Structures are given as C-alpha cells and as structure tokens.
Amino acid sequence: MERVLFKYVDEPEQYRIDNYIKNGGYQALPRVLKELPPDELIDLVKKSGVRGRGGAGFPAGMKWGFVPKDIGRPKYLCCNADESEPGTCKDRVLMERDPHMVVEGIIIASYAIQAHTAFVYVRGEFVYPAHRMEEAIKEAYEKGYLGKNILGSGFDLDIIVHTGGGAYICGEETALLSSLEGDRGLSRIRPPFPAIKGLYASPTVVNNVETLANLPHIINRGVDWYRSHGTEKSPGTKIFSLSGNIARPGNYEVDLGTPLSYVINELGGGVPGGYKLKTIIPGGSSTPLLMPDQIDTPLDFESMAQAGSMLGSGAIIVIDERACMVWVAMKLINFYAHESCGKCTPCREGTAWLKQIISRIENGGGQTGDIELILDACKNIMGRTICPLGDAAVMPTESIIKHFRDEFAYHIEHGKCLVKTDYPFE
Amino acid sequence: MADNGKDKVTLTIDGHTVTVDKGTTVIEAAKNIGIEIPYFCWHPKLDSVGACRMCLVEIEKFPKPAVACATDVMQDMVVHTNSETIVKARRGVIEFLLLNHPLDCPTCDKGGECDLQDNVFKYGVDTSRQTFTRKRVIDEDTHTTFDDKRIGPEIIRNMNRCVTCFKCVRFNKEIAGEYDLGAYQRGADTVIDAPPGRQIANLYSGNVVEICPVGALTNTDWRYRVRVWLTKTADSISGYDADGQNIKLWYDHRQIFRATSRRNDAVDEGWICDIARYGYQYVNAEDRLTTPLIKKQGKQVESTWEEAIDLIARRFKEIKDKKGSVCIAGLAGGNQSTETIYLFNKFFRHVLHSNSVDYRLDYIDLKDGEDAAAYNSLSSAPFVIADLGKTDAVLVFASNFIKDHPIVNLWMRKAHRKNNARIFTANPVETKSADISEDELIYRPDTEAAFLAGLLHAVIDNKLYKDIDDGKAADVKGMLNPASLSEAADICGINADRIIGLARALAEAKNPYIIAGEYLNATPHRHVLANGLYNLANLLSVADGQAVIPASHANSAGAERVGLRPTIPTHLAELLAEKWGKPLPEPPGNNTSKILKGALREDIDSIFILGANPAVRYPDGPFVNAALDKLDFLVVADLFETATTAKADVVLPLAGWSEQDGSFINLEGRHQRFERALPPRRAGIKRGVEIIRKVAEALDVPLEEDDNALRRETEEVLAAWKCQPRDRNQYYPVRPPAAVEHGDYPYRLLTGNDLHHYGYLTEHCPSLMRFTSEAYLELSPRLVEKLDIAEGDLVRVESVTARLMLKAKISDFFEGEVVFIPNNFSAMPVNELISHESGGWVKIEKLDE
Amino acid sequence: MILNDATVQNIKARAARYPSRRSAILPALTAAYKQMGYLDADIYLEISRIIKIPYIEIAEAASFYTMFPKHEVGRYLIQVCHNISCSLRGADNMIEYLQSKLDIGMGETTPDNMFTLISVECLGGCSAAPMMQINEDYYEDLTRAKVDKILDELRAKAMQEEK
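Keep in mind that this is a model prediction, so the values were computed, not measured. (Residues numbered from 1 in each chain as written. Chains lettered and ligands numbered in written order. Predicted model: local features only at pLDDT ≥ 70, side-chain atom pairs only at ≥ 80, totals over all residues. Heavy atoms only, no water.)

Asks: Tell me about the interface of chain C and chain A, and please be specific about residues and values.
Replies: Contacts between the two partners involve 47 residues from chain C, matched on the other side by 65 residues from chain A. Taken together, both faces of the contact between chain C and chain A bury some 4,300 Å²; the carbon and sulfur share is 54%. Its salt-bridge partner being Asp183(A), residue Arg22(C) comes within 2.6 Å of it at the nearest N-O pair. Where chain C touches chain A, the interface holds 30 residue pairs in polar contact (both at pLDDT 80 or more). Mapped onto the side of chain C that touches chain A, the elements with two or more residues apiece are helix 1 (5-17), helix 2 (25-36), helix 4 (55-64), helix 5 (84-87), helix 6 (91-102) and helix 7 (144-162) of chain C. Each residue belonging to the side of chain C that touches chain A can be placed in one class, and the counts come to 21 nonpolar, 16 polar and ten charged. (Contact = heavy atoms within 4.5 Å. Buried area = accessible area lost by both parts, 1.4 Å probe. Salt bridge = Lys/Arg side-chain N within 4 Å of Asp/Glu carboxyl O. Polar contact = N/O pair within 3.5 Å; in protein donor to acceptor, adjacent residues only side chain to side chain. Helix = DSSP H or I, 4+ residues; strand = E, 2+ residues; numbered from the N terminus. Nonpolar A, V, L, I, M, F, W, Y, C, P; charged D, E, K, R; others polar.)

Asks: Tell me about the side chain of Glu178(B), and please be specific about residues and values.
Replies: Residues and elements named next belong to chain B. As for its placement among the helices and strands, glutamate 178 is situated in the loop between helix 4 (167-175) and strand 8 (182-184). The exposure class assigned to glutamate 178 is buried, which follows from its relative accessible area of 10%. Ignoring any residue separated from it by four or fewer positions in sequence, one finds glutamate 178 in contact with Asn172, Lys173, Asn202, Tyr204, Ile402 and Lys432. (Buried < 20%, exposed > 50% of the residue type's maximum accessible area, 1.4 Å probe, protein only.)

Asks: Just give me the short version of the interface of chain C and chain B, but keep the residues and values in it.
Replies: Each partner contributes to the interface: chain C provides twelve residues, whereas chain B provides twelve residues. Across the chain C/chain B interface, buried area totals approximately 1,000 Å², and carbon plus sulfur atoms make up 62% of it. The three residues of chain C that bury the most area against chain B are Tyr55(C), Ile56(C) and Glu60(C), which together make up 48% of that side's buried surface. Joining chain C to chain B, the criterion identifies one salt bridge.

Asks: Give me the lowdown on the packing of helix 2 (residues 28-35) of chain A against helix 6 (residues 99-113) of chain A, citing residues and values where you can.
Replies: Any two packed helices are characterised by the angle at which their axes cross and by the distance between the axes. Residues and elements named next belong to chain A. Relative orientation of the contacting elements helix 2 and helix 6 amounts to 15°, with a least axis distance of 9 Å. Judged by the angle between their axes, helix 2 and helix 6 are roughly parallel. At the point where helix 2 passes helix 6, the crossing takes the left-handed sense. Contacts from Ala28, Leu29, Val32 and Leu33 of helix 2 reach helix 6 at Glu104, Ile107, Ile108 and Tyr111. Its residues assigned to classes, the contact of helix 2 with helix 6 shows seven nonpolar, no polar and one charged. (Axes fitted to C-alpha atoms, helices over the stretch in contact; angles between N-to-C directions. Parallel < 35°, antiparallel > 145°, perpendicular 65-115°, else oblique. Left-handed = near helix turned anticlockwise from the far one by under 90°.)

Asks: Can you break down helix 23 (residues 621-630) of chain B residue by residue, with the values?
Replies: Those residues of helix 23 of chain B that sit buried are Gly621(B), Phe623(B), Val624(B), Asn625(B), Ala627(B) and Leu628(B). Each element contacted by the buried residues of helix 23 of chain B is listed here: helix 21 (592-601), strand 23 (606-610), helix 22 (614-617) and strand 24 (633-638) of chain B.

Asks: Summarise the sheet that holds strand 3 (residues 158-163) of chain A; cite the residues concerned and give the values.
Replies: Residues and elements named next belong to chain A. Strands sit in the order 3-2-1-4 across an open sheet of four strands; the sheet is parallel. One side of each edge strand has no neighbouring strand; the edge strands of this open sheet are strand 3 and strand 4 (204-208). When strand polarity is set aside, the average angle formed by the axes of neighbouring strands in this sheet is 20°. With five bridges joining them, strand 1 (residues 75-81) and strand 4 adopt parallel strand pairing. Its bridge partner being in strand 4, tyrosine 76 is matched across the sheet by threonine 204. Against the sheet, helix 7 (residues 127-142) touches strand 2 (115-122) and strand 3, its axis set at about 170° to strand 3. (Pairing = 2+ DSSP bridges.)

Asks: Give me the environment of Asp40(C): which residues, what numbers.
Replies: Mapped onto the secondary structure, Asp40(C) falls in the loop between helix 2 and helix 3 (41-51). Along the sequence, Asp40(C) and Phe68(C) sit 28 residues apart, while their C-alpha atoms lie 9.5 Å from each other.

Asks: Got a sec to walk through a nonpolar patch on the surface? Specific residues and values, please.
Replies: On the surface, a cluster of nonpolar side chains totalling about 480 Å² of accessible area is made up of Phe58(A), Met62(A), Phe66(A), Phe193(A) and Ile196(A). On the secondary structure map, Ile196(A) appears in the loop between helix 8 (173-181) and strand 4. (Patch = residues over 30% accessible without salt bridge, like charges linked within 9 Å, V, L, I, M, F, W, Y side chains within 5 Å. Areas by Shrake-Rupley, 256 points an atom, 1.4 Å probe, with all protein chains shown as cover.)

Asks: A description of the domain arrangement of chain A should follow, citing residues and the corresponding values.
Replies: Residues and elements named next belong to chain A. One can read the domain layout of chain A as domain 1 (17-227), domain 2 (237-320) and domain 3 (325-414). Taking only C-alpha atoms, the centre of domain 2 and the centre of domain 3 are 23 Å apart. Taken residue by residue, the interface counts eleven residues in domain 2 and 13 residues in domain 3. Interface of domain 2 and domain 3: buried area, both sides summed, is about 950 Å²; carbon and sulfur atoms make up 72% of it. Between lysine 278 and glutamate 407 there is a salt bridge, and its shortest N-O distance comes to 2.6 Å. (Domains from an automatic or database assignment.)

Asks: Any details on the side chain of Thr81(B)? Residues and values, ideally.
Replies: All names here are of chain B. Mapped onto the elements of the fold, threonine 81 is located in the loop between strand 5 (78-80) and helix 2 (84-98). Of the polar contacts made by the side chain of threonine 81, one reaches the side chain of aspartate 14; its length is 2.4 Å. Contacts of threonine 81, omitting those with residues within four sequence positions, involve Ile13, Asp14, Ile35, Ile37, Val57, Ile86 and Arg90.

Asks: How would you explain the sheet that holds strand 4 (residues 137-139) of chain C if you had to name every residue and give the values?
Replies: Residues and elements named next belong to chain C. Strand order in the open sheet formed by four strands is 2-1-3-4, with mixed pairing between adjacent strands. Each having just a single partner strand, strand 2 (115-120) and strand 4 make up the two edges of the open sheet. Adjacent strand axes in the sheet meet at a mean angle of 25°, parallel and antiparallel pairs treated alike.

Asks: Before we move on, can you summarise the domain arrangement of chain C with the specific residues and values?
Replies: If you check the domain split of chain C, you get domain 1 (5-64) and domain 2 (76-162). Each of domain 1 of chain C and domain 2 of chain C was reduced to a C-alpha centroid, and the two centroids are 28 Å apart.

Asks: Which residues make up the packing of aromatic side chains, and what are the values?
Replies: This structure, assessed with the given rule, holds 40 aromatic pairs over all chains. On the numbers, 6.4 Å between centres and 80° between planes, the contact of Tyr65(C) with Phe68(C) is edge-to-face. The class of Tyr65(C) is buried, set by a relative accessible area of 1%. Each residue in the set Phe316(B), Phe344(B), Phe347(B), Phe348(B), Phe608(B) and Phe633(B) is aromatic and connected to the rest through ring pairs, giving one cluster. Directly above the ring of Phe126(A) sits Arg123(A), whose terminal nitrogen or CZ lies 5.4 Å from the centroid. We note Arg360(B) situated over the ring of Tyr359(B); from NZ or CZ to the ring centre the distance is 6.0 Å. (Phe/Tyr/Trp six-rings, centres within 6.5 Å; stacked < 30°, edge-to-face > 60°. Lys NZ or Arg CZ within 6 Å of the ring centre and 35° of its normal.)

This is how it looks when you write it as structure tokens:
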C-alpha cells in the first residue's frame, strides 16, 4: 500500500529542509501561491474530501469555507498538535521526522483562509517534537517560505509554536483557543463557531497536524489521485497508532477503508503470547468498543459509525483476555475526570462521580445498583455538555458495560475481579 | 407565522407565541411571557457562558438540547422547556450539583433566597443517590465548622457550596475590571479564590455576594444576623456619591440588616459599590447623638429640645435685631434630602431673611457670578448615565473616577468593553482607570490649567475644531495662556504629541464625553478649568449632556435645583417668592467662602450647620477652624459628635437618611425617592425638617407645610428647573494662576476619599472600616524607595501650617511624587495640612523608632 | 529576581511575537518551569511584571496545567504513564518496580533529592509502551534492565555535573 505521509519518515534527517526539498517538498506551496487563489484552493481541498484527522472527521475544505471574508478582522490558523487522546502517537512522528511537510501544510492552509499568523499548539510534554517544528520553521523563514512576501507572492505569514501545559482538553478546539489566549483552557459554547469568532474573537480555523500534512500531497498530485485512496466519503490515507496487546505496536499508514483486521493482524502481527483477543478500542479511548467479531470492519468514518463506534483519532488499542474490563473502565474514567476542564456541571461533577463509582467497583466495594447508576449518570452527561469531553467519557464507559456487564456484576457480587489483571513488566 | 419587520422575531415556546427583538436569547424571550427557564450561571448583564446546563431546552430541528441563555431566537423557532427529556436533564444537573453540596441550609446565610434551594424544590427529587462522603475544600486558611475561608475584608468563601457558575469571577473581571478574584485548577478541583497571598478588596466586591446563586460567598455584614424572610424592605437610594445607586434596605423592627441593589437599568444596572452597600451601617451605630447639647461655661452638657430650640430662636432673634439677618448663615450637607434642603432654604430666606445659604462645603475660594458662568453651565449639563455606555471616546479630567463616580465608572468601562471606546485620563496621579486608558496624561501638580490650554492649542493648531470659522478659532487661541502648545507642554510636563493625540481622538469620535471630577473641584481655580473645558466642548461641538462637571454628593444637584446658594437664577427666585408669598430678601447673600471669611471678620455672627462637618472636611483646616471659632453662636445638627459639633454652642441630634422619606437628585438631575426604613431609635433624634419647623415656630414664623405638602411643593419647584444649553458662541479666557512657592516642601499632597470611604460618616460603618480603618500616607514605590520607607512605617508629613504622623502605604497606581492622605478619619484631620499658605505642599520624613 | 537573564530574554522575545500580550502567559510559564523545575506564586509575580499581565491571570493559568509542579521537586522528575495502552503492557507493575527501586511512594522524592516519582496520563508514547518522561526526555519501550540503566546513567550525569 502506498505510503504518502510516511513515505520518507524513516529517512535519516528528513527533517532538514534540504532533504525535504530533495524528496519533493516545497513544490506545492509555490504552485498554490502562483496558480491557486484562495477561493480556488478552498474548492480544491473541498473536492479532495480530506476530513479532519484529529478525531472529529470534519471536512477540512468545508471548515475553511466558513471563514468570512472582508470583515475587517485578522484570520488565524491553528495547527492542533496537542495529541493527547490515549492511544494516539502519530502527530508526534510527523513533527519529529517530517516537520516541513506539516509546515508546508500550515502555510497552504493559512493562505487559503488568508491568515497571516499561524500557531502550532504543541502539547507541553512534546519538547522534542516542538523543538523539531521550531527548527523547521526557522529553516523555512531562512529559505523565504515564511515571513513577508513569501516567494514574491505578496502573502505574509508568521508561525508561532506555542507549547501547552499538560491538559487533554486543550486538544478540543475552543479550549485550545482559550489556552492560546492566556486563559485557563476552558471550552466555549458553540455557536459562535471558531471559524466565525475564534482566537481573539477573530475567524480561526483549527486543523490537526495530520490533516495539514495531507495538503502538499493533494496539491502536488491532485484531487483524483487523492480520491483514488480510501473510500468515497473517507478519501486518502490515515496513520493508525497501534498499541496495547499487539506483537508489533507502532504507527501504520494505510488507505482509509482498509479492514481493521489487516492493521491488527498483517501489520501488527496480532495478539502475541497465545492470548485471545478480547476487545478493541478502535479510535482512541473516547470511542466505543469493537468486539472480535467486528474485526473486519473497514477503517473509514462511515463504516466505523455503522459498526457502533468511531474512526476517531485512529488510535487502535488492542486488549487481550488478561484485562479485567472494570480495570480498563477505571483507567479510562480516571483519565477523563482528571482532564475535565470543570466548566460545565455534567462533565465536572459527572466524571468525578463515575470515577468514584467505578473505582469502588474495581476495588471490591461495589454496591447493588451501581451499574444502573453509572448508566443513568452517563445519560445525564451524554449530549448535555459544552464540548465532546463529556461524551468521550461516557461512550467507552457505556460500551464496556454493554459488552462486559457480567464482569461488573461479578465484581459487585464477589468483591473481586473476574479476570485478575497483572500485565508483567520485565 | 406573522410577517415580521426585519428587527423582530416570532417564535413559539411551550405552545405560546412570543415576538421579541432580534438578538434576544431564548431565556429572555421566555421570561417575556412568564416562562421562567431555570438557571444558575446566566445573568442579564453578563455574557452567557452556558456552564451550568440548567437552562437546556429542546428546540425543534436542533440535534440535541441547547442552552436557552446563549441561543438567540430565530424566526419560527419552536421551543419546549418542559419535555420529558428536559425534565430529566434538569434533574440530572441538580443531582450533579448536590453530589458534594453540603446540607448547610439550616445555617447558611443564603437560605430563603437561594437559587439552588428554589430549583431543587421545583425540579429536584426527594432522594439522593450519593453514597460517597462529600468532598470538602480545606486549606490552611479555612476554619470553622463549615470550612469557611475569609478571602477579603468582607467576603467569606465556602467552596463546598460553590456550584461553579463563575458569576463572581465573571462580574469581578468583566464588569468591575478587578484582578482580585479568580478560578483556579480544573475539573472537580476547581476553586474560586483571591490570587495567592492576596484578598478580594475592591470597591465592588460586595456584588459577588449578591450575584452568587448559593451561599458560597457571604459577607460579614449579613452573616448569621437574621433570616431573610424575617425582614422587610424599603426602597432607597445611596446617600453618598452623586451617582444615585438604587438600593434596598432590609430591616426588621429593630434595625437595618443590609443593603442590596435594586436594579435600575438607567442608573446602576444592578451593581452597587461597597459604600452604597455597607454605608447604611452608621444608622445602627451605638454612639449616635441622642439628646441636644448646649455649651454652658465652655462645656457641652445634655439638655432638652425645648431648651435648645428656645436658645436658638432667642439668639437668632438677638443677632438679627442687632446686626441684621445677613449675619446669620446656613450651611447644609450635600447628603440631606431635597425636602430638607428646600425647607432649610425657606427657613433662611423666608423666616430669617438671609440669603447666605450654601451646600458647597468642599470648595475653597468659591466663586459665583460671572467668573463661574462656565462652571455653572457645565455643572448643570443634562448628563445621562446610560448614554455614556454608548460613547466611543471619553476624557476623564481631574478625577479619580472610580472614587468620584463609582457607578458611572462602570458604564465607562462597559463602553470600553463593548464599543472599544477610547478612554483618556488627565490627572495629577495615576489611577485605576489606567488599565483601560489609551493614554494616562499625568500633569505636574497644579498645572491643570496649562494642560487645558495646551489641549485647546492642540485642537486649534491642528484645525480639529468644528462649526466655527478659522478667525474665531484664532480669537480663542488668543484667550489662552500659555500662548502655545509647546509652552503648555513644558509647564505641565506632558509631551506635546500626546496632547495632540488626545485632541485628535476626541475630535475623531462620533460621541465623545468630557467629564471632570473632584481634583478639579478641589482647586481654587476650578472656574478657570471650567472655562477651559467649556471652550474644549464648544470647539469640538460636544453635545450638551456630554461635557459635564458632575455634582459631587448624593444631593448636591438637589440643593442646586432648590436654590440653596446665595445667587440663584431669576426664574427660580421668582418661583420661590411666589411659593412663599413674598419676594426674597434684598441684601445679597454670601457663599461658603464669604461666609467663613465673614465669620473671621466678625461680620457673620452665627452659622447653622445641618448635616455637615466642615471643621475637618473643608479643604483649608486652619482657615475654617479659625472662622468657626470666631462665631458668636454656632448651631450644628448632625448624627454624631464631630470636630464641628465640638465647637458648637448648640448640638442637635439629626436623623439619618434611612429614618425618613425623602428624595435625592443624582448627577443626571434624576429625582429619586427613598423610603424610610425605620424611624430613629430614640425620640431625641429628629429629622432636619422637624428641627427647622421647631426653630421657625419658636421665631413666630411657623412653616406649616406638613410632609406631603412639603414634598409637593419641592417637586413643583424641581419641575420648573431648566437646564441651560451651552452657548456655542461663547468662549472664556484660560489663565492659570501663579504657581505657589513651596520651597522646602517638595511633595504635593492630595486628599479625598479612601477607596472604601466617603465623607465622615463611613467611619461609623464597621464593614467599611474592615477595609480601611485609619488614615495613611499613600506614596509611589519610587518615592518610597527615595525616602527609604517601608510599608507601614510611621512618617511625619509637614506643611507650613501643621504636621501629622501616619503610616505609609505603597500605592498600587502612583508613579511620581504626588502623595495622598484620605480625609475620612476624624483622628487625622488632613485639612490642617492644606491651606492657602501651604497650597497643599508638604515634606515627608520617616520617623525613627 | 528568581528568573535569570536568559529566561527573561526568552520570555520577552516570545511575548513580542503574539498579537495579544496575554498569550505570552503560557510560554512564560514554560520558560520559567524550564529554569526552575517548578512554579509558585513568587514566580507568577515576576512573570506578571515581565510581561505586564495582571498577577492573577498568571496564577490562574498556571494552576490549570498539571505539567508544572507547584512546589520544588527532585533533580529528575520521573513521570510514568498509567493510562490504558501503557497499562496493557505492564505500566502498573513498572510503577511498583520504580517505587521499590527508588524506595519512595508516589509523589515522593528520594532523600538525596535526585528523583521525584509521579504517574501521569497519556504522554503520546503509546506504541512504545510502557514508557516514562524524565524532565524533558521520553524513555520508551521500557524493560527492567532499561529502567535500571537509565536511572544509573542519570545518577552518573548528576554526579558529573556536580563537579
């Protein structure tokens, strides 16, 4: 299968601008600046059908199209490099190994919406990836791909790398903008949408690292080529982070629409150690489970939704029979309770309460009625919050209980795990 | 659905049709037809955040329930506020909020007026599914059984009760623009607190208690004292500054327990300053005067009202007969009710036949007549508070605006926030307004007139004037001294470019305001400054109500409009004569300055002071004290013993504003009535009108109007008041006075109110005393370093006339060498340092231990 | 002054690039953390003066971000991921191993002030689990042997630097 984003990812020093250019880089940008005025560029990207690769899957071109022109306010582009969805570790590879591809994508996207300042919001722990991005940006300035009058086009652009402080919620676009503005990273109600009123109350587009990395390729090789990968509604390739109980964990780029089984078995080598596959979290910890009998589900937005889950960030977490699912649920709810921004009642109080109840079940203190209580609390959180974090906490919880209710019941009745989990560290 | 004009929207809520303006939110549209959608975090005056999720409603065609507080109505929208889904969602929110909310109701101050109680009652369920121990927020500063933490002089926080609606921090930051309350951490660990090591102590801090929907924020004033359902309310008006804040007094048969806002969208929008909130407390003070005092053999002894009134009448008659009524003068405080002042005026003019009456007790060298034409015009300009919220440029001149006009200040901040209004301040010191000012022009002390001249030059030189021809502009330039912008810039120490920048900003604005304040009123050459402002307003064609020297106190405007001053407009004189049945007395009267000078010369033998304390408030201590001491007969009616009552031959216990019905006129000329809460606790305390009637009767010229008739008459007189528009062709000379030689006294002392005090009564308000309990010398960090002082050090401040010892306080705002001492504390008579001789110049020395 | 010249210059340079000065809060906190290894109220006060943003806003922002310790920590801050992907590959046992090897509990610092141990949420090293971050560096695909080696090397480095 052709690698597009990862084509040069194993080349040593691909991150240097000379190598990037040698391997075909910074060809899309001059073409865009010379031949594609912003409106046409937006159209082209719309036609390509590229969808957001951060988790939401919103068509990038459509998002760009929402930005109002001529309203007397500056526009901003934010590259969302806050990669914090558990299981996901793909954007980091792009930033570390092929940062110029991301930079070129940022410049193209900024040009499309006529933003003259772009930000790369990198999670604070990614010191090395942020460093690589800063170096690449510096090189780009030196070569005239950034700054004033880029390549004589009259288009100015500055990119600022902005590192976070350890908050998953800052990957949610409105919270990202709050954080960028200097506030605590609280989510904001929508409407108004960031494309209309975002950073500093100005039109802002937030795109994921991988989404932006697609742009130079789409420009270079065209819409038809791009759409020849993937499916009708989910064109292109995607990088999937494969982790958990798998023989060959890693990041794999495949066409969208590839069956999940291909990634897990052919590329990932299946579950090692002779253990049975128990369940799969297919798109990052916020997505509902897929069961082993669903392993052939194609990895595209529609098919995953139809199977009752989501493509999400593309983080495939493989879980074998050794895992107590209450333990898994507890690990996840601990995460969401820890990361809740605290602004809206259902998420703030609800995730904390769910954490208490699930922890008590895991620790042997579960009470009759706890399962129903969890599910009812979930109903009061789902769809009732400002941002999707509430939903993200609820969906895996509900899904785990749906498929493994017996384990919860066992815990409550017997005060201990049905499956004793003890993943070794050797 | 009906066909609407472009600006109206018709929608359906729970089957009822409602038409509202475009831009209205669903929650407000519902309120219009009596449907109360519940909420915690919504507030009509704050930007909606959609945080509590209590106001979720189902809207057809929306994918999921939406927050009514932040969803604008759309044509033909169909809203359901009580569907099964919504009822469950609400119960969910309440259950979540109650998970950790402590069962403090029996001891929580908010009981009976708590949004959470009300919503639980309406929308909650009987049983709780919470089986875990409730979370408690405790740090090293929390204490008491209920985990309270004091986070400010008045404010106590109980984080356990907080529903994290953020209204307190949103108000504090967005509306008040203060930086002493915030939200920290995240998720369920979120806490509300002052920043580390600090307290919430701003002038508007009490509003966070009122705005909190639960008992998470309470104040010492109300804490544990009474249950709200055991109190009654009286509609009242704050009796301190001239903004006219609408308040409610809550009381039972014994006392007043608190004041809260009584939202008036034309005046205060529901926000009141702490002085309005806690300033009622002096009414409850134990040390109120309760019986008249008469000076016998040099000592004041308690006496009866009969004896006191008898003595007053006798002495007035004696003086009148011997030397003429022109020898008796009347001074009333600017916080007396309009009816009281009206009757006081009538007493003096109609009964005593003296025109020597005045209410302007804070101004030295008071000038009336031609010199004051510009000042009089600007001080009666038809200013409308709410219109300030729409301005696009403001010049605040000679005013520490937050202190002078705390609520108008919020409107100005609102204009800045919502319209990006350009704010400029021109002052002798840096003020809080710096945070929203495009430029803060700080002129050298006492060079305001030169600064204004410079500003006028800037307007003329750059042809920024409107509606006058170049020849006239050149004439105006000729009336200015100094004669050029560069000279003026040198004198006042402000770069000429910045003055031009200010001129341009005002000229470019569509809706500019020029507002002056108490630093202007404090100078002896205020009329010169008024001339300058008048010229500026005319050159820039500023609308009449938008160039103003606002009234200073709660009822200064009232006193002005019922004519409590020696010279009054002809139409008013005629009206009063008509009302009182005979023409006003002939010999011209004296204003405050002339009265006091007259007292020194022994031309004035007697003064009747009603509700004022000039001995410490008049900004020339040596002069006013010498004058008052020289009087043959001084009568003072007040609530407390003061430095002024100490000099009196007769002291009369006066009722406070909450102890009577009455009215104040605010700086807009808005006539607002206030209701009596409780009558005076002691029979010996009498209202001003009662005292005046008693004296009049004893002089055989009874004033017979009862309170209703008095009120009617006062209102008729007020109704006849006419605001004179500015004469657009009139310009005045601007000539600064000669600079005061201040030789060995290098620092200029300013005085005025402490942030949390006003006048001399707030010393009797325990809550305000919690903020500041004694006078201090406020200096800039730079000056502190120069003088080698630390915060709290005792310093000696000395002028040619006096010296005082006080503690040093490092200013949050000052940068230069101007210093400040508040004049609200009886133990520290600042006005002793200020006099004609000293000009307010002092020297400062650190006191060794 | 707690923050050194380099840090102050760094903060000022970064602050100058943003359209709004408030955006400099997070970069300023990051720069200060890089120098100090933790943040506290005195640092917020200094940052407030440097970028001219009210003290409260620095304090509020800092309090939100869990990456910055709010009190002094050891020379090496060991942050072990305890989220799902790492846990499926033995993170729980690795945490126990580290605790027993360093002889400290979670959140504690070794008596020689060398190591502080905390566990954190997903660090984005999922395909190389289990892993940990020590100060700015990621250590992935960990085994007992690797952990031993890393700790020894860090100790040696510390000794070296002390000389």
